[in-house]
Structures are given as structure tokens and as C-alpha cells.
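Structure at a glance
Residue-level listing of the chains:
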Amino acid sequence: MSRAPIQSDVAVIGLGVMGRNLALNLIDKGLNVAGWDADAAWVERNDGLSATPGFRYAKHIEALVEGLKTPRKVLLLVPAGDSVEKALAALASKLQPSDIVVDCGNSHYQDSISRGSRESLQGMHFVGLGVSGGSVGARYGPSMMFGGDHYSWGHVRPILEKIAAQGIDGPCLKRFGDFGAGHFVKMVHNGIEYAEMQLIAEAHDIMSRGMGLSHSEQADFFKRANQGPLQGFLIDLARKVLEPTTTSLDLIIDSAEQKGTGAWSVMAALELGVSIPCIAAAVDARLMSSFWGERQRRASIFGTASADASVSSFTLADLEKAIWFSKICAYMQGFDMLIKASEVYDWSISVRDVCAVWSAGCIIRGAILSMFFDGITDAENLDLLSIAKIRQALMDHQDAMRATVRCAVDQAIPTPGLHAAISWFDAFASARMPQAITQAQRDAFGAHGVSLFENPDQKTHGEW
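Residues numbered from 1 in each chain as written. Predicted model: local features only at pLDDT ≥ 70, side-chain atom pairs only at ≥ 80, totals over all residues. Heavy atoms only, no water.

1. Some remarks on the layout of surface pockets
Quick note on the threshold: In this analysis, the protein atoms alone were mapped onto a 1 Å grid. Cavities are point sets where a 1.4 Å probe fits without being able to get out; pockets are open sets with protein on both sides within 12 Å along at least five of seven lines; lining residues have an atom within 4 Å of a point. Grid points are joined across faces, edges and corners, and a volume is the space filled by probe spheres set on the points. Strands are runs of DSSP state E lasting at least two residues, helices are runs of H or I lasting at least four, and both sets are numbered from the N terminus onward.
Estimates place the volume of the second largest pocket at around 320 Å³. Sorting the residues of the lining of the second largest pocket by element identifies helix H15 (316-344), helix H18 (388-396) and helix H20 (416-428) as the ones contributing at least two each.

In C-alpha cells, the structure reads:
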């Protein structure tokens with residue numbers, strides 16, 4: 001009498017690099033994995049995974065679902081958008097109401113909110129899971145941000161904890177609310193990633209064009225910076241790509257691409273009414289870089305500015321402090337978004353939990369997250385400036401920050417990220433801003449009214 005085949009613990013749809021590596025991670029942790037890919041030729045190119053003990057390749061979705069333990073758990077590792085919709089449509093008639101589908105891609109958080117409540121998907125539980133760490137993280141331990149109901153969390157959490165990176169508070173996995181919460185946190189992670197990469201790029205530009213430092217000398221700068229508060233994956237990565245043994249940056253076209261999550265962050269911030277100029281500047285800089293031909297034409301017209309005497313007093317120590325100052329501002333802006341979204345959507349996003357999840361496995365992992373994590377003592381009455389190290393760094397590094405921006409301006413070096421950071425700081429540190437005249441003009445041309453200090457709750461009109 002033949003035995004029934006062993007049922008799989010979890011299924012993976014989409015066996016590209018991310019899906020394949022996540023499947024191998026699951027298998028390493030003792031789980032039986034079933035897989036399916038829309039590409040019919042997948043098996044021929046991936047005989048290694050197909051032959052791996054603990055892995056079962058299904059020729060069609062029906063076979064994939066039939067071989068799963070109940071409640072069935074299906075992970076989608078497919079591109080955001082149409083691919084997710086097609087996978088959900090294929091699964092809708094084959095799963096039971098107790099089964100769970102987890103979208104592990106970079107879907108827009110509003111799409112995840114919609115999918116979680118869509119009537120056609122009521123035959124399953126839907127989860128939007130933000131996953132960070134790239135292909136290496138998928139293989140050896142990603143950072144994961146969960147958005148789904150408590151039922152799904154209870155069934156999927158034990159599996160995800162096994163494969164998550166280990167951070168400052170255990171597995172880098174937290175539930176942040178229903179449906180879109182996980183993808184929102186991942187979106188903000190990517191927005192901060194944009195900002196930090198822009199600050200690194202601006203530092204590279206200042207050292208190259210402003211200070212005349214070689215790539216090797218710049219690599220040494222980032223190596224030293226990585227031993228202090230700036231320590232992090234991206235700072236160390238900057239060192240690696242600048243080392244002389246790697247491909248020279250001089251040979252790479254200076255036009256940066258993007259996948260959309262940075263722009264989504266900016267649009268979400270506008271909708272929520274939150275100021276995130278460091279992230280917005282980073283997105284704008286990538287857009288500007290894409291106009292490569294037009295930049296060459298304009299450069300031939302305007303040329304470059306000559307060096308100013310003030311540059312001679314600028315130091316690498318100033319630059320390091322400026323990066324630290326700006327990085328703090330970028331993270332605070334991202335945290336402001338998370339706090340506001342949690343209020344608006346009735347999620348349960350804790351900044352301290354976010355820091356824990358981002359502390360390992362993800363792209364922006366670094367010492368700054370431990371600093372915020374350790375400094376947050378009251379999650380209910382959160383004031384990031386109550387963290388002594390954060391507040392002191394902003395106070396102590398102002399002069400270096402301004403010196404860096406002055407150096408860049410004198411050298412005609414664009415530094416939108418650095419400028420955004422100091423302008424944002426100055427605005428929030430200003431007891432009085434010039435928007436009184438803005439509101440007066442709005443009243444003068446549109447009768448929108450003004451509020452006076454003597455009676456702030458009542459609108460009046462000026463005699464313009």
C-alpha cells in the first residue's frame with residue numbers, strides 16, 4: 001500500500017530570484033515548500049531547486065493548492081500590479097475561507113487595503129507583507145512588515161519568524177495593523193532609503209568636485225564613518241563601490257532609476273499632510289538625473305563656478321557631521337509619516353517596533369535605528385527630540401551642516417538632500433514663519449480669512 005505524499009507547509013508562487021531564495025530559506029528551516037511559476041520553462045532552468053529535498057514543484061495551481069496543509073498558506077513573490085491580480089484571481093476559486101494568501105511584493109498600500117476588503121477575495125484571508133533585504137535577505141533572513149488580520153498573523157507568524165533576520169528585539173517581524181499597514185511601512189522604509197542614498201551621493205560629489213579627493217580616499221572616508229554613528233549597510237556599501245578594485249564610477253552613466261516606492265512616499269505624505277522634504281528631494285534628484293542629454297546641453301551653456309576661498313576651511317569632519325545631521329532629519333520625517341498614517345488608518349504602528357524590524361536584514365539597517373529604539377521610552381507620548389543623543393546631534397552639528405551647504409553652493413554642486421534637511425530643521429525651529437503674508441494674500445484674493453493671535457479660533461477678514 002503506497003503512502004500519501006507529504007503535504008507542504010507553505011506554497012510560493014513566483015520563483016524568480018526572490019521567490020527561489022525565499023523557498024530555500026524556508027527549506028533550510030525545516031519546512032516543506034511547494035512552488036509554481038507562470039513561466040512554463042522554469043523547471044528546465046532550475047533543476048537545482050526542483051531536486052532539493054523538501055521542495056515540490058506543481059505544474060499548475062490546482063496541484064499546488066491540493067498539496068498544502070490546511071489552513072493553506074500561499075506566498076506571492078510576483079511583481080506588483082497585474083501579476084498580483086492574476087495570482088489572486090487564479091487562487092480565489094481554489095482556496096477556502098480559512099486559507100491565507102500573502103503578497104510579499106512591493107505593492108502600493110492602497111491596493112492592499114482594497115484587496116483586503118474586496119468581496120471577490122472573501123474566500124481567503126489576504127495579507128500585505130513588506131519584505132526588505134533584496135535577494136540576499138530573502139535567502140538568509142529578511143526584514144518583514146506584516147499587514148493583515150489577527151487570524152492570519154496567528155497562522156503565518158510561526159513560519160515567518162523562522163526565516164526572518166534576527167535584530168535588536170528578536171526576529172525582524174512585526175504586525176503593524178490590517179491589510180495595507182505592512183506595505184505602508186515598507187514604502188516609508190524605501191523612502192528613507194532614497195534619502196540616505198541621496199545624501200551619500202551628495203557627499204561623494206562634494207568630495208569629488210569640491211575637494212578633489214580620489215575614489216580611494218573617499219572609500220577611506222566612508223570606512224571611517226562606518227565606525228561611528230553613521231554605521232550602516234548603505235554607508236559600508238558606498239565604501240565597497242568606491243574601492244579601486246571595483247568598476248570605476250567614472251564609467252557609469254549618472255542617471256539613476258527608480259521603481260516607484262519613493263514617489264509613492266511623496267504622494268502619500270502630501271495626502272496625509274506631512275512634510276518629508278529629504279525624501280522628496282531624493283526622488284526629485286533621481287528624476288533630474290534622468291535628463292542626461294539636456295543636462296549636457298545646459299552644462300555647455302552655463303559652465304561651472306570657480307572655487308571660492310571659503311571652501312579651503314571646509315573639512316571632512318564637517319561633511320561627516322552634515323551627513324549625520326541630515327540622516328537624522330530624514331528618519332524623523334519618515335517616522336512622522338508612520339505616526340500620521342497609523343492615526344488616519346487606525347493601524348497599530350509603533351516607531352519602536354519599526355526600528356526593531358529595520359535593525360537587521362533590510363537595506364537601511366544601521367546604528368541609527370538602535371539609537372531611536374533605545375531612546376523611545378514612551379510610545380504613547382512619542383517625542384523623538386526627547387532622545388538626548390538625537391537632540392544633541394542636531395544642536396551640535398548645525399555649524400558643520402551649514403558649512404557643508406555653503407561649500408556646495410560655492411562650488412555649484414547640487415545638494416538637494418542636504419539643503420532639504422537644514423531647511424526642514426530651520427522651519428521647525430522657527431517660532432515665527434513668513435506664512436502670515438501667505439494667508440493675508442489668500443484672504444485678499446479669495447476671502448479665505450485670517451486667524452489673529454487675540455482670537456485664534458475665529459476667522460476674520462483684513463482690510464486689503
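2. Notes on the pattern of salt bridges
Note the cut-off: A pairing counts as a salt bridge when a side-chain nitrogen of Lys or Arg comes within 4 Å of a carboxyl oxygen of Asp or Glu. Remark: exposure states derive from per-residue accessible area (1.4 Å probe, protein chains only) relative to the maximum for the residue type, with buried under 20%, exposed over 50%, and partly exposed in between.
Taken as a whole, this structure holds 18 salt bridges when the rule is applied. For the salt bridge of Lys 94 with Glu 62, the shortest nitrogen-to-oxygen distance reads 3.9 Å. Here the residue Lys 94 occupies a position in the loop between helix H5 (82-92) and strand S5 (100-103), and Glu 62 occupies one in helix H4 (residues 61-66), the gap between them amounting to 32 residues. For Lys 94, a relative accessible area of 25% corresponds to the partly exposed category. In this structure, the salt-bridge partner of Asp 254 is Arg 295, at a minimum N-O distance of 3.1 Å. Of the two residues, Asp 254 sits in the loop between helix H11 (233-242) and helix H12 (261-272) while Arg 295 sits in helix H14 (residues 292-302), which places them 41 residues apart along the sequence. Judged by relative accessible area, Asp 254 falls into the partly exposed class, the value being 43%. Each of the salt bridges in this network shares a partner with another, and the network as a whole consists of Asp 236, Arg 239, Lys 240 and Glu 243.

3. Quick word on the packing of H15 against helix H16 (residues 351-358)
Going by this rule: Note on definitions: angles span 0 to 180 degrees between N-to-C directions of axes, and those axes are lines fitted to C-alpha atoms, for helices only across the stretch in contact. Oblique is the label for any angle not covered by the other classes, which are roughly parallel (under 35 degrees), roughly antiparallel (over 145) and roughly perpendicular (65 to 115). By definition, turning the near helix anticlockwise from the far helix through less than a right angle yields a left-handed crossing, and turning it clockwise yields a right-handed one. By definition, residues are in contact when any of their heavy atoms lie within 4.5 Å. Residues are grouped as follows: Ala, Val, Leu, Ile, Met, Phe, Trp, Tyr, Cys and Pro are nonpolar; Asp, Glu, Lys and Arg are charged; every other residue, Gly included, is polar.
Packing of H15 against H16 leaves a shortest axis separation of 10 Å and a crossing angle of 125 degrees. The orientation of H15 with respect to H16, classified from their angle, is oblique. In this structure, the crossing between H15 and H16 has a hand that is right-handed. Contacts between H15 and H16 involve Phe 335, Leu 338 and Ile 339 on the former and, on the latter, Val 351, Val 354, Cys 355 and Trp 358. Here the residues of the contact of H15 with H16 sort into 7 nonpolar, no polar and no charged.

4. Some thoughts on the sheet that holds strand S7 (residues 143-147)
Each strand in a sheet pairs with its neighbour through backbone hydrogen bonds, running either in the same direction (parallel) or in the opposite one (antiparallel). Which entries qualify depends on this criterion: Two strands are said to pair when DSSP picks up at least two bridges between them.
Read across the open sheet, the 8 strands follow the order S3-S2-S1-S4-S5-S6-S7-S10; overall the sheet is mixed. Edge positions in the sheet fall to strand S3 (55-57) and strand S10 (173-175), since each has one partner strand and no second. Across the sheet, the axes of successive neighbouring strands diverge by a mean angle of 25 degrees, strand direction being ignored. Pairing of strand S1 (residues 10-13) with strand S2 (residues 33-36), which is carried by 4 bridges, proceeds in the parallel orientation. When the sheet's bridge partners are listed, Val 10 is paired in S2 with Val 33. Relative to the sheet, helix H9 (residues 181-210) contacts S5, strand S6 (125-132) and S7, its axis offset from that of S6 by approximately 15 degrees. Along the sheet face, H16 touches S7 and S10 and points at about 140 degrees away from the line of S7.

5. Some remarks on the packing of H15 against H20
Across the interface, H15 lies against H20 with an axial gap of 9 Å and an inter-helix angle of 65 degrees. Accordingly, the angle class assigned to the pair H15 and H20 is roughly perpendicular. With respect to the hand of their crossing, H15 and H20 are arranged in left-handed fashion. Residue-level inspection shows Ala 322, Phe 325, Ser 326, Cys 329, Met 332, Gln 333 and Asp 336 of H15 in contact with H20, the latter providing Leu 418, Ala 421, Ile 422, Trp 424 and Phe 425. Grouping the constituent residues of the contact of H15 with H20 by class yields 9 nonpolar, 2 polar and 1 charged.

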